[in-house]
Amino acid sequence: MARDPGIVGLDRIGRAVALRGHGFAMRVIAHEPYPVMEFVEDHRIELMRIDEVFAQSDFVTLHLPAMPETERIVNAAKLALMKPTAFLINADRGNLVDEDALHAAVRSGQIAGGGIDAWTTEPMTDQRWAELDNVVLTPHSAAEIVVKVMRGEQPAQVLNPEVWDR
């Protein structure tokens, strides 16, 4: 059974996520205020309102610019729309997510978990995240770290050991 992605923002990375979703036979749904319709049609992406993306997706991945209209676009109300089996992924901009609301939703089991690579304040030093075993946390340099490891290089120490060692 494929787990279907909901993409909020079809920028360059959002479009790449859509292509990968189709490669795994996933139904790809998205919210994009200014869609490139040729891409949407060519790749069978179902456009819908942002609330519908949050309600229908097995995981929601964020790909929006940082601007006043997108600040904390993911808040308690949006998280409440998500399935209890769904995950939120933010690898784009830290200010897109109300981190207190996300922490509460994950900790309470309201949503299944998350993957967070972008933080409101970087580097992130908030120790409460270390208590959660259903969240993957990276320091907004995950792509760079993966590339270094793939080359056989040792990535620089980027994590605060006091927060990340359990």
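What comes next is a walk through the structure.

About the thresholds
- Residues numbered from 1 in each chain as written.
- Predicted model: local features only at pLDDT ≥ 70, side-chain atom pairs only at ≥ 80, totals over all residues.
- Heavy atoms only, no water.
- Pairing = 2+ DSSP bridges.
- Helix = DSSP H or I, 4+ residues; strand = E, 2+ residues; numbered from the N terminus.
- Polar contact = N/O pair within 3.5 Å; in protein donor to acceptor, adjacent residues only side chain to side chain.
- Contact = heavy atoms within 4.5 Å.
- Expected span 1.5 Å × (residues − 1).
- Buried < 20%, exposed > 50% of the residue type's maximum accessible area, 1.4 Å probe, protein only.
- Arc of directions from axis to C-beta.
- Phe/Tyr/Trp six-rings, centres within 6.5 Å; stacked < 30°, edge-to-face > 60°.
- Lys NZ or Arg CZ within 6 Å of the ring centre and 35° of its normal.
- Right-handed = clockwise from strand over helix to strand, strands pointing away.

This part covers the sheet that holds strand 4 (residues 59–62). Within a beta sheet, neighbouring strands are joined by backbone hydrogen bonds and run either parallel or antiparallel to one another. Taken together, the 7 strands give an open sheet; going across it, the order is 3-2-1-4-5-6-7, and neighbouring strands pair in parallel fashion. Strands at the two margins of the open sheet, each flanked by one partner only, are strand 3 (46–47) and strand 7 (135–137). Taken together, the 4 bridges between strand 4 and strand 5 (residues 87–90) define a ladder with parallel strand orientation. In the sheet register, Val60 faces strand 5, and the bridge partner there is Leu88.

Relative to the helices and strands, His31 resides in strand 2 (residues 29–31). Reaching out from His31, the side chain makes a polar contact with the backbone oxygen of Met48 at a distance of 3.2 Å. When neighbours within four sequence positions are excluded, His31 is seen to be in contact with Ile7, Val8, Gly9, Leu10, Met48, Arg49, Ile50 and Val53.

Here the focus is helix 1 (residues 12–23). Along its 12 residues, helix 1 runs 17 Å from first to last C-alpha, staying within 8% of the 16 Å computed at 1.5 Å per residue. Gly14, Ala18, Gly21 and His22 are the residues of helix 1 that are buried. Down the axis of helix 1, the buried set is contained in an arc of 95 degrees. They therefore lie on one face. Those residues of helix 1 that are exposed and angled more than 90 degrees off the buried face are Arg12, Arg20 and Gly23. Packed against the buried residues of helix 1 are strand 1 (5–8) and helix 2 (37–42). Residue Ala25 follows helix 1 closely and has a positive phi angle near 60 degrees.

Turning to the packing of aromatic side chains, a few remarks are in order. Tallied over the full model, the rule gives 0 aromatic pairs. Geometry around Phe39 places Arg15 over its ring, the cationic atom sitting 5.9 Å from the centre.

Neither face of strand 1 is exposed, since Pro5 and Ile7 on one face and Gly6 and Val8 on the opposite face are all buried. In this sheet, strand 4 lies alongside strand 1 in parallel orientation, the contact comprising 4 bridges. Note on strand 4: the bridge partner recorded for Gly6 is Val60. What joins strand 1 to strand 2 is helix 1, and the crossover it makes is right-handed.

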